[in-house]
Each structure stands twice: as C-alpha cells, then as structure tokens.
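The chain contents come next:
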Amino acid sequence: MRFRDPRAGDSWAVVAYGAEQRVSIPVLRARWLTATFVNWSFRPESVQALLPDELTVDEYEGAAWVGFTPFVMADVRLPGLPAAVPGLPSFAETNLRTYVRRRDGRDGLWFLSIAVTCPVMLAGRAVGVPYSPGGLSVRAEGDSVSYAGSRWTDGSSYHLVVRPGDPIEPTERDVWLTSRWRAYTRRLGMIWVTPVEHEPWPLADAAVDVLEQTLTGTAGLPAPLGEPVVHFSEGVRHVRIGASTPCAAGPGPGSS
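Residues numbered from 1 in each chain as written. Predicted model: local features only at pLDDT ≥ 70, side-chain atom pairs only at ≥ 80, totals over all residues. Heavy atoms only, no water.

### A short note on the overall build of the chain
Point 1. The secondary structure content of the chain amounts to three helices and 13 strands.
Point 2. Computed over its C-alpha atoms, the radius of gyration of the chain comes to 17 Å, within 12% of the 18 Å expected for a compact globule of 256 residues.
Point 3. Across the 256 residues that make up the chain, the buried fraction comes to 48%.
Point 4. Excluding contacts between residues fewer than 6 apart, the proportion of contacts in the chain whose partners are at least 24 apart in sequence is 71%.
Point 5. Split by element, the accessible area of the chain, about 11,900 Å² in all, is 53% carbon and sulfur.
Point 6. Between the averaged position of the 24 positive side-chain charges in the chain and that of its 27 negative side-chain charges there is a distance of 8 Å. (Helix = DSSP H or I, 4+ residues; strand = E, 2+ residues; numbered from the N terminus. Rg over C-alpha atoms; globule rule 2.2 N^0.38 Å. Buried < 20%, exposed > 50% of the residue type's maximum accessible area, 1.4 Å probe, protein only. Contact = heavy atoms within 4.5 Å. Areas by Shrake-Rupley, 256 points an atom, 1.4 Å probe, with all protein chains shown as cover. Lys, Arg positive; Asp, Glu negative; His and termini not counted. Charge placed at Lys NZ, Arg CZ, Asp CG, Glu CD.)

Laid out in structure tokens, this is it:
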C-alpha cells in the first residue's frame with residue numbers, strides 16, 4: 001500500500017501517512033496513549049452544516065466521517081520548561097472531530113468538541129479550540145479498555161469499552177480516518193491552523209463491547225449511516241504541537 005509522501009510533492013488530495021511538516025519549535029510536547037478511534041459515516045451535507053464557510057468537509061468514498069477519540073495525555077510539557085522538570089500528570093481527553101480541507105486543498109481536523117480533565121488545556125480557547133471541562137476516566141480491565149466521561153458544560157456523556165485486537169497494516173481508509181497533521185479552529189473572524197508532528201499511529205483492530213454516547217447528538221448530527229469503524233492504538237510518544245497562526249486567504253486547489 002502506498003501513501004502520500006509530502007516530501008515527494010505528492011498531491012494534496014491524498015492524506016499523508018507521516019507528518020507533513022517539522023515542528024521545530026513546539027509550544028507543547030506530549031505522549032498520546034491508549035487511544036481508540038471510533039468513526040461513523042454521515043451524509044456530507046449533515047457535517048458541512050456544522051463547519052465555517054472557509055472549510056469544506058472532506059469525503060472518503062462519498063461520505064463525511066466523524067470521529068470520537070478518547071485517549072490519555074501523558075508527559076505534557078509546556079513552553080519554557082527545562083528538561084529536568086517533569087511534565088504535567090497524565091490526564092484523559094476526548095475529542096469529537098471531523099475531517100476537512102481548506103481552499104488550498106490541505107486537509108486537517110475540525111473539532112466539534114473536546115472534553116478534558118486538565119484545566120491548563122482550557123487556555124486553548126484563546127485560538128478557538130472548543131475545550132470543555134469534564135470528568136473522564138480511562139481504565140484497563142483485563143483484555144479490555146474502558147472509557148467513560150461527561151462534559152460539565154452540557155452533560156453530554158459517553159461509555160465505551162473495547163477489546164484491542166491484533167496489530168494491522170493500515171489500509172488507505174485506516175490512514176484516512178486516523179492521520180491528520182494540522183487542526184483548524186476559528187477565532188476573531190479568522191481560521192487558525194495548528195501543526196502537529198509525531199510518528200505514524202500504530203493501529204490494531206478493536207471489538208466494541210459497549211458504546212453509549214450523546215456527543216454526536218449534542219453536536220447537531222443526525223443518526224450515522226452505518227456501524228462505526230473502530231481502531232485501537234497503544235499511542236504515539238513523540239508529539240510536537242506547533243504554534244497556532246491565522247491562515248491567509250488563498251486561492252483554491254490548482255490555482256496558479
């Protein structure tokens with residue numbers, strides 16, 4: 001299976017398996033661990049209605065996709081901390097996101113919501129990241145991983161129990177559903193972009209034992225078109241998040 005290599009000048013139309021840019025001066029470093037990706041397909045117009053005008057919903061095989069992703073943030077290090085100072089204690093985070101493109105064709109994430117237990121992360125609201133405080137938990141229970149949480153702002157909640165399976169060689173769809181190297185937000189009438197760099201996600205199959213959630217309904221989504229596609233990952237350990245910057249208005253894909 002071949003995936004796009006940005007260093008080789010491959011088309012923006014295909015999602016890249018590895019990071020698309022170096023984040024040489026990160027504003028945040030972390031490990032993202034014990035992650036589960038639950039992705040549902042929707043009609044594109046249902047998701048487009050939730051996006052700002054500057055972004056277009058990305059599609060895979062004619063459908064828009066929305067991902068529910070709970071995981072653990074570990075060893076989070078803020079700007080200016082020397083290497084001898086330990087990072088923040090580990091904490092749970094859960095995001096609900098969809099996949100979008102700007103007019104220049106570059107793909108990325110748009111977060112419909114993010115619940116987090118660490119109040120320091122709420123500073124991301126300054127550039128439009130939709131953080132909300134909540135009570136979240138991640139627990140290993142035998143051969144299963146259990147995630148549960150609720151947002152304090154609106155009471156939205158979830159309970160997910162998965163049984164991770166064998167590691168997989170990712171297909172094109174697997175990469176499309178899990179690999180994104182920038183996030184878009186909207187603040188002060190502008191779209192902002194935040195770059196991220198880390199090693200490719202190591203993916204495994206996952207069986208779902210329990211899946212109950214009200215996050216998609218609260219976000220304004222209808223019922224999905226089918227059953228979710230689910231992946232598990234032990235995580236990535238070298239996450240580098242860059243500074244958020246406003247995007248310049250630009251031409252569409254293919255313009256000269």
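### Some words on the nonpolar core
Point 1. Ranked by internal contacts, the top residues of the largest apolar core, which has 37 residues, are Trp32, Trp65, Met73, Phe91, Met121, Trp176 and Trp201.
Point 2. Ranked by residues supplied to this core, first place goes to strand E1 (residues 28–42) with five residues.
Point 3. With residues near it in sequence (within four places) discarded, tryptophan 201 still touches Tyr17, Trp32, Ala35, Phe37, Thr178, Ser233, Gly235 and Val236.
Point 4. Membership of the second largest hydrophobic core comes to 31 residues, among which are Val47, Val145, Leu160 and Val162. (Core = buried A, V, L, I, M, F, W, Y, C linked by side-chain atoms within 4.5 Å.)

### Focus on the packing of aromatic side chains
Point 1. Here the structure, examined in full by the defined rule, presents seven aromatic pairs.
Point 2. Ring geometry for tryptophan 32 and tryptophan 201: centres 6.2 Å apart, planes at 15 degrees, overall stacked. Highlighted residues: tryptophan 32 in strand E1 and tryptophan 201 in the loop between strand E10 (190–197) and strand E11 (204–213), separated in sequence by 169 residues. Across the pair, tryptophan 201 and tryptophan 32 agree in class, each one buried.
Point 3. Both rings, one in tryptophan 40 and one in phenylalanine 68, keep their centres 6.4 Å apart while their planes meet at 20 degrees; by these two values the pair is stacked. Taken together, the positions of tryptophan 40 in strand E1 and phenylalanine 68 in strand E3 (residues 64–77) put the pair 28 residues apart, joining distant regions of the chain.
Point 4. The buried category is assigned to tryptophan 40, whose relative accessible area is 6%. (Phe/Tyr/Trp six-rings, centres within 6.5 Å; stacked < 30°, edge-to-face > 60°.)

### A look at the confidence of the model for the chain
Point 1. With 90% of its residues at a pLDDT of 70 or more, the chain has an overall mean of 91.
Point 2. Low pLDDT, under 50, characterises residues 6–10; the stretch is placed with seven contacts to residues that sit more than four places away or in other chains.
Point 3. Residue range residues 251–256 is modelled with pLDDT below 50. Its contacts to residues more than four positions away, or to other chains, number six contacts. (pLDDT = per-residue confidence, 0-100.)

### Regarding the pairing of strand E4 (residues 91–101)
Point 1. Burial runs high along E4: 11 of the 11 residues are buried.
Point 2. The alternating pattern of E4 places Phe91, Glu93, Asn95, Arg97, Tyr99 and Arg101 and Ala92, Thr94, Leu96, Thr98 and Val100 on opposite faces, both of which are buried.
Point 3. In this sheet, E4 lies alongside strand E2 (residues 56–57) in antiparallel orientation, the contact comprising two bridges. Bridge pairing links threonine 56 to arginine 101 in E4.
Point 4. Pairing analysis gives eight bridges linking E3 to E4, with the strands arranged antiparallel. The residue of E4 that forms the bridge with valine 66 is threonine 98.
Point 5. As paired elements, E4 and strand E5 (residues 107–116) share nine bridges and run antiparallel to each other. In the strand pairing of E5, threonine 94 is matched with alanine 115.
Point 6. A loop of five residues connects E4 with E5, the two strands running antiparallel in sequence, and glycine 105 in this loop sits at a positive phi of about 90 degrees. (Pairing = 2+ DSSP bridges.)

### Some details on the pairing of strand E8 (residues 157–167)
Point 1. Looking at chain direction, strand E7 (residues 144–151) and E8 are connected through six bridges and run antiparallel. By the bridge assignment, serine 146 is partnered in E8 with valine 161.
Point 2. Hairpin connection from E7 to E8: five residues lie between these consecutive antiparallel strands, with glycine 155 at a positive phi of about 80 degrees.
Point 3. Pairing analysis gives eight bridges linking E8 to E11, with the strands arranged antiparallel. Note on E11: the bridge partner recorded for histidine 159 is glutamate 212.

### Structural notes on the side chain of serine 132
Point 1. Summarising the element assignment, serine 132 is placed in strand E6 (residues 131–141).
Point 2. In this structure serine 132 comes out as buried when scored by relative accessible area, which is 12%.
Point 3. Those residues in contact with serine 132, other than ones at most four positions away along the chain, are Ile114, Ala115, Val116, Leu122, Arg125, Arg151 and Thr153.

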